[in-house]
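Examining the three-dimensional arrangement
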Amino acid sequence: MSAPHPEWGEVPAVVTTLKPSLAEIRAAVANALGKPARPNHLVTVSVMPTTASGKPDRKRLSRLVANRTQERRRGIFG
């Protein structure tokens, strides 16, 4: 996923039902794909939104990530 960013347009984001730390995710991604691929945001959900066919609902996930990152920037959410 990607999250909106005022300077870069979009930055990598991870949506998960697990509770890893952003530092853990960033280190694992940097090790596997390189530093530029490290996510800037980690969004934890209780249930992954899916489409009727059971696939991750990318549109809902994109909206969720955008909303959560905006809330964080404004200091409303964790």
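You'll find the structure just up there.
Structural notes, computed from the coordinates. The structure presented is a predicted model; accordingly, all values stated were derived computationally and were not measured. Per chain, residue numbering runs from 1 following the sequence as it is written. With pLDDT at 70 or above as the cut-off, local features in this predicted model cover only qualifying residues; side-chain atom pairs require 80 or more to be listed or tallied, and sums for whole chains, interfaces and linings still use all residues. Only hydrogens and water are removed before side-chain values are computed, so all heavy atoms of the structure are retained for them.

1. Focus: the overall build of the protein
The line we're drawing: Helix and strand labels come from DSSP, where a helix needs a run of H or I of at least four residues and a strand needs a run of E of at least two; each type is numbered from the N terminus. The atom set for the radius of gyration is the C-alpha atoms, and the globule formula is 2.2 Å times the number of residues raised to the power 0.38. Contacts are assigned to residue pairs with any non-hydrogen atoms lying within 4.5 Å of each other. Using a 1.4 Å probe, accessible areas were evaluated by the Shrake-Rupley method; residue-level cover was limited to the displayed protein chains.
Scanning the protein from N- to C-terminus turns up 2 helices and 3 strands. Starting at the N terminus, the α and β elements of the protein follow one another as β-β-α-β-α. At 13 Å, the protein has a C-alpha radius of gyration in line with the 12 Å of a compact globule built from 78 residues. Principal axes of the C-alpha set define a box for the protein whose edges measure 35 × 30 × 20 Å. Contacts in the protein between residues at least 24 apart in sequence constitute 52% of all its contacts with a sequence separation of at least 6. Put simply, the protein shows about 5500 Å² of open surface, and 53% of that area lies on carbon and sulfur atoms.

2. Digging into the pairing of strand β2 (residues 9-16)
The cut-off we apply is this: Strands are labelled as partners when DSSP assigns at least two bridges between them.
Pairing between strand β1 (residues 2-5) and β2: 4 bridges, direction antiparallel. What sits directly across from serine 2, in β2, is proline 12. Between β1 and β2, which follow one another and run antiparallel, lie 3 residues. Bridge count for β2 against strand β3 (residues 41-44) is 4 bridges, and the pairing is parallel.

3. As for helix α1 (residues 22-33)
Convention followed: How far a helix is expected to stretch is found by multiplying one less than its residue total by 1.5 Å.
For α1, with 12 residues, the first-to-last C-alpha span of 16 Å sits near the 16 Å given by 1.5 Å per residue. Positioned one or two residues after α1, glycine 34 has a phi angle of 105°, which is positive.

4. Overview of the sheet that holds β1
Here is the rule we go by: A fitted line through C-alpha atoms represents every axis, and for helices the fit uses only the stretch in contact; the resulting angles, taken between N-to-C directions, go from 0 to 180 degrees.
Strand order in the open sheet made by the 3 strands is β1-β2-β3, with mixed pairing throughout. Lying at the two open borders of the sheet, with one neighbouring strand each, are β1 and β3. Each strand axis lies, on average, 35° off the axis of its neighbour in the sheet, ignoring direction.

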